Amino acid sequence: ALYYRGIVNKVNKDYEASLQDFNLCIQINPYRYYPYFNRAQVYFEMNDYDHALEDCISALEIDPDAEEATKLREMINSGLDLKKIQNKKDNWEI
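Throughout what follows, the structure given in this document is the object of discussion.

So, how was this worked out
Residues numbered from 1 in each chain as written. Predicted model: local features only at pLDDT ≥ 70, side-chain atom pairs only at ≥ 80, totals over all residues. Heavy atoms only, no water. Helix = DSSP H or I, 4+ residues; strand = E, 2+ residues; numbered from the N terminus. Buried < 20%, exposed > 50% of the residue type's maximum accessible area, 1.4 Å probe, protein only. Core = buried A, V, L, I, M, F, W, Y, C linked by side-chain atoms within 4.5 Å. Contact = heavy atoms within 4.5 Å. Phe/Tyr/Trp six-rings, centres within 6.5 Å; stacked < 30°, edge-to-face > 60°. Axes fitted to C-alpha atoms, helices over the stretch in contact; angles between N-to-C directions. Parallel < 35°, antiparallel > 145°, perpendicular 65-115°, else oblique. Left-handed = near helix turned anticlockwise from the far one by under 90°.

### Looking at the environment of Tyr-4
Okay, step 1: Within the secondary structure, Tyr-4 is located in helix H1 (residues 2-11).
Okay, step 2: Residue classification places Tyr-4 among the exposed positions, given a relative accessible area of 60%.
Okay, step 3: Note: C-alpha distance between Tyr-4 and Ser-18 (14 residues apart in sequence) is 9.5 Å.

### A look at the nonpolar core
Okay, step 1: Counting 24 residues, the largest nonpolar core has Tyr-33, Phe-37, Phe-44, Ala-69, Leu-72 and Ile-76 as the members making the most contacts within it.
Okay, step 2: Mapped onto this core, the elements with two or more residues apiece are helix H2 (15-28), helix H3 (33-45), helix H4 (49-62) and helix H5 (67-90).
Okay, step 3: With seven residues, the top contributor of residues to this core is H3.
Okay, step 4: Beyond its immediate stretch of four places on either side in the chain, Tyr-33 contacts Ala-59, Ile-62, Asp-63, Ala-66, Glu-68 and Ala-69.

### Details of the packing of aromatic side chains
Here a ring pair, both rings aromatic, is described through the centre-centre distance and the interplanar angle of the planes.
Okay, step 1: For the structure on display, the rule yields five aromatic pairs.
Okay, step 2: Ring centres 5.3 Å apart and planes at 75° place the aromatic pair Tyr-3 and Tyr-4 in the edge-to-face group.
Okay, step 3: Take Tyr-3: its relative accessible area is 15%, and that puts it in the buried class.
Okay, step 4: Connected via pairs of aromatic rings, a cluster forms that spans Tyr-3, Tyr-4 and Phe-22.

### Quick word on unusual backbone geometry
Okay, step 1: With a phi close to 60°, Lys-13 is a non-glycine residue in the positive phi region.
Okay, step 2: Relative to the assigned elements, Lys-13 resides in the loop between H1 and H2.
Okay, step 3: On the basis of relative accessibility, which here comes to 59%, the residue Lys-13 falls in the exposed class.

### Focus on the packing of H2 against H3
Okay, step 1: Here H2 crosses H3 at 155°, and the two axes come no closer than 9 Å. Between H2 and H3, the angle is such that the two are roughly antiparallel. The two elements H2 and H3 cross, and the hand of that crossing is left-handed. Judged by residue contacts, Tyr-15, Ser-18, Leu-19, Phe-22, Asn-23, Cys-25 and Ile-26 of H2 engage Pro-35, Tyr-36, Asn-38, Arg-39, Val-42, Tyr-43 and Glu-45 from H3.

Structure follows, in structure tokens:
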């Protein structure tokens, strides 16, 4: 029930509630792929790329063949690259 509530909260963009639900799912059973993957998606939507990447890695450790997690990891890495570029641009002196 917690997992599905987390999905509903994610769809409704109630990200904090969704994170709480997925956190509890992971505490109850840390060996399931989908709570990590969905929590990674939530973090990604929140632009929290570091935590999203950690969860993608955890999901892929459980299911190394998961294409959706591999694609999300690629998107996160692209986002991190863009973030680094933006940080460099923000620190340029004019």
